[in-house]
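Per-entry structural report
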Amino acid sequence: MHPVIILVAQRLALGILLLFAASALIFAGTTMLPGDVAQQILGQSATPQALANLRDELGLNEPALTRYFSWLGGVLQGDLGTALTNGFDIADSIGGRLKNTLFLAFWAALVSVPLAIFLGLLAVRYKDRWPDKMISAVTLTTISIPEFMIAYVLVYWLAIKFRWFSSVALINDSMSLLEKLNSIAIPVIVLTLVVLAHMMRMTRAAILNVMQSAYIETAELKGIGMLKIIRTHAFPNAVAPIVNVVMINMAYLVVGVVVVEVVFAYPGMGQYLVDHVAKRDVPVVQACGLIFAAVYIGLNLIADIVSIVSNPRLRHPK
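Residues numbered from 1 in each chain as written. Predicted model: local features only at pLDDT ≥ 70, side-chain atom pairs only at ≥ 80, totals over all residues. Heavy atoms only, no water.

Turning to the packing of helix α10 (residues 214-221) against helix α11 (residues 226-237), a few remarks are in order. One way to put it is that α10 packs onto α11 with a least axis distance of 10 Å and a crossing angle of 160 degrees. Judged by the angle between their axes, α10 and α11 are roughly antiparallel. Judged by the sense of rotation from one axis to the other, the crossing of α10 with α11 is right-handed. Contacts between α10 and α11 involve Tyr 215, Ile 216, Ala 219 and Glu 220 on the former and, on the latter, Met 226, Ile 229, His 233, Ala 234 and Asn 237. Taken together, the residues of the contact of α10 with α11 sort by class into six nonpolar, two polar and one charged. (Axes fitted to C-alpha atoms, helices over the stretch in contact; angles between N-to-C directions. Helix = DSSP H or I, 4+ residues; strand = E, 2+ residues; numbered from the N terminus. Parallel < 35°, antiparallel > 145°, perpendicular 65-115°, else oblique. Left-handed = near helix turned anticlockwise from the far one by under 90°. Contact = heavy atoms within 4.5 Å. Nonpolar A, V, L, I, M, F, W, Y, C, P; charged D, E, K, R; others polar.)

Put into structure tokens, the structure is as follows:
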């Protein structure tokens, strides 16, 4: 069997194993939370008999291992359970929220990824000159500031002072695409500023590392222009680390948007998770945690596979 197929199969198996491990950690972490779920639902005035009946109904009297495998079996069948606070099916509730989060992440990635690669190539072209220093200074400044601080500053200037965009990112299916884009403009800018520095600096570092190779020097001696060398020789050979960092930051755009969604009251997964954490709705927290883990592991798995396929030593073994 071809080595690439073996390596991809190993990565897929490792990803599935990591997802099972993540599910166990998520279930254990929510189980060990202090407090009584039944008491939280019924309130302080609940009678002991009512609490006992609810615990029995929720299966809280069963051993933790039994509850874990019961929950995992339901997840494998597409059943994420029922929310304790409102009795709604979690899978149905998460569907719309996940779509909104992916919508926000898609537009943030569509802006940030090409911009980061362009700025990284520009920094390489003008290495140690003022464009390189300015790009590095600005991106390092934005990544050093907490995203909620960037969000409030942008809301003040773009929404309150200039009134260009909305300060609250509320969207629904009745809105047109332009209305949705206007609503999420500031959250997209915030997410772009947060992830831009990491991707740009990795692009710059990866290409500079390739630029030290002998074949790059040969291309320079042949009189090939620097832009053409970077575009046709350096960039294709630096794809693997760039893809890795892009996938990690795309995972952040999906998993790490909790703060941004809360700041802008955006109806996504992050806001949904925070609302139910406050209510101690354990099944919802478990479902959201598992989905976030699956997205993060899946995107990192894609990055690993792309790195394997883009490595000539694996594609053409001796």
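Counting residues in hydrophobic clusters, the biggest one holds 50 residues, and the most contacted among them are Ile 186, Val 190 and Phe 264. Contributions of two or more residues to this core are made by α5 (90-125), α7 (147-161), α9 (185-211), α10, α11 and α12 (239-255). No other element matches α9, which puts 14 residues into this core. Excluding its chain neighbours within four sequence positions, the residues that come into contact with Val 190 are Glu 147, Ile 150, Ala 151, Leu 154, Val 260 and Phe 264. (Core = buried A, V, L, I, M, F, W, Y, C linked by side-chain atoms within 4.5 Å. Buried < 20%, exposed > 50% of the residue type's maximum accessible area, 1.4 Å probe, protein only.)

Our focus in this paragraph is the pattern of salt bridges. With the rule as written, the count across this model stands at four salt bridges. For the salt bridge of Lys 99 with Asp 173, the shortest nitrogen-to-oxygen distance reads 3.4 Å. Of the two residues, Lys 99 sits in helix α5 while Asp 173 sits in the loop between α7 and α8 (177-183), which places them 74 residues apart along the sequence. For Lys 99, a relative accessible area of 47% corresponds to the partly exposed category. Take Asp 173: its relative accessible area is 62%, and that puts it in the exposed class. A salt bridge links Arg 204 to Asp 132; the shortest N-O distance between them is 2.8 Å. Taken together, the positions of Arg 204 in helix α9 and Asp 132 in helix α6 (residues 130-144) put the pair 72 residues apart, joining distant regions of the chain. An identical accessibility class is assigned to Arg 204 and Asp 132; each is buried. (Salt bridge = Lys/Arg side-chain N within 4 Å of Asp/Glu carboxyl O.)

Another aspect to go through is helix α1 (residues 3-31). In an α-helix, one full turn covers 3.6 residues, which means residues spaced three or four apart are oriented alike. Compared with the 42 Å implied by 1.5 Å per residue over 29 residues, the 42 Å span of α1 between its first and last C-alpha is a close match. For α1, the set of buried residues is Val 4, Val 8, Gly 15, Ala 22, Ser 23, Ile 26, Phe 27 and Thr 30. (Expected span 1.5 Å × (residues − 1).)

A word on the side chain of Thr 30. Mapped onto the fold, Thr 30 is located in helix α1. A polar atom in the side chain of Thr 30 sits 2.9 Å from the backbone oxygen of Phe 27. Filtering out sequence-adjacent residues up to four positions away, Thr 30 remains in contact with Val 282, Val 285 and Gln 286. (Polar contact = N/O pair within 3.5 Å; in protein donor to acceptor, adjacent residues only side chain to side chain.)

Attention shifts here to the packing of aromatic side chains. A full pass over the atoms with the stated rule returns nine aromatic pairs. Consider the rings of Phe 106 and Trp 107, whose centres lie 5.3 Å apart with planes at 80 degrees: the pair is edge-to-face. Look at Phe 106 and you get partly exposed, because its relative accessible area is 46%. Through successive ring pairs, a cluster of aromatic residues spans Phe 27, Tyr 68, Phe 69 and Trp 71. It is Arg 125 that lies over the ring of Tyr 126; its NZ or CZ is 5.1 Å from the centre. Here the basic side chain of Lys 180 rests over the ring of Phe 103, its NZ or CZ set 5.8 Å away from the ring centre. (Phe/Tyr/Trp six-rings, centres within 6.5 Å; stacked < 30°, edge-to-face > 60°. Lys NZ or Arg CZ within 6 Å of the ring centre and 35° of its normal.)

The next point concerns the side chain of Asn 100. Structurally, Asn 100 is set in helix α5. Setting aside residues up to four positions removed in sequence, Asn 100 forms contacts with Ile 171, Tyr 266, Pro 267 and Gly 268.

Before going further, it helps to spend a moment on a nonpolar patch on the surface. Taken together, Ile 145, Phe 148, Met 149, Tyr 152, Val 153, Tyr 156, Trp 157, Ile 160, Phe 162, Trp 164 and Val 259 make up a surface patch of nonpolar side chains, about 1100 Å² in accessible area. The dominant element in the nonpolar patch, judged by the number of residues it contributes, is α7, at seven residues. Examined against the element boundaries, Trp 157 turns out to sit in helix α7. (Patch = residues over 30% accessible without salt bridge, like charges linked within 9 Å, V, L, I, M, F, W, Y side chains within 5 Å. Areas by Shrake-Rupley, 256 points an atom, 1.4 Å probe, with all protein chains shown as cover.)

Interaxial distance between α5 and α9 falls to 7 Å at its minimum, and their mutual angle equals 35 degrees. The chirality of how α5 crosses α9 is right-handed. Grouping the constituent residues of the contact of α5 with α9 by class yields 21 nonpolar, four polar and one charged.

For the rest of this paragraph, the subject is α5. Taking 1.5 Å per residue, 36 residues should reach 52 Å; α5 reaches 50 Å between its end C-alpha atoms and fits that length. Approximately 25 degrees is the largest bend angle found in α5, and it occurs at Ala 109. By the N-cap criterion, in which a side-chain oxygen at the helix start approaches the backbone nitrogen of a residue two or three places on, α5 is capped by Asp 89, the distance to Ala 91 being 3.3 Å. (Bend = angle between axes of the 7 residues up to and from the residue.)

From the geometry alone we can't say anything about function, so treat these as descriptive.
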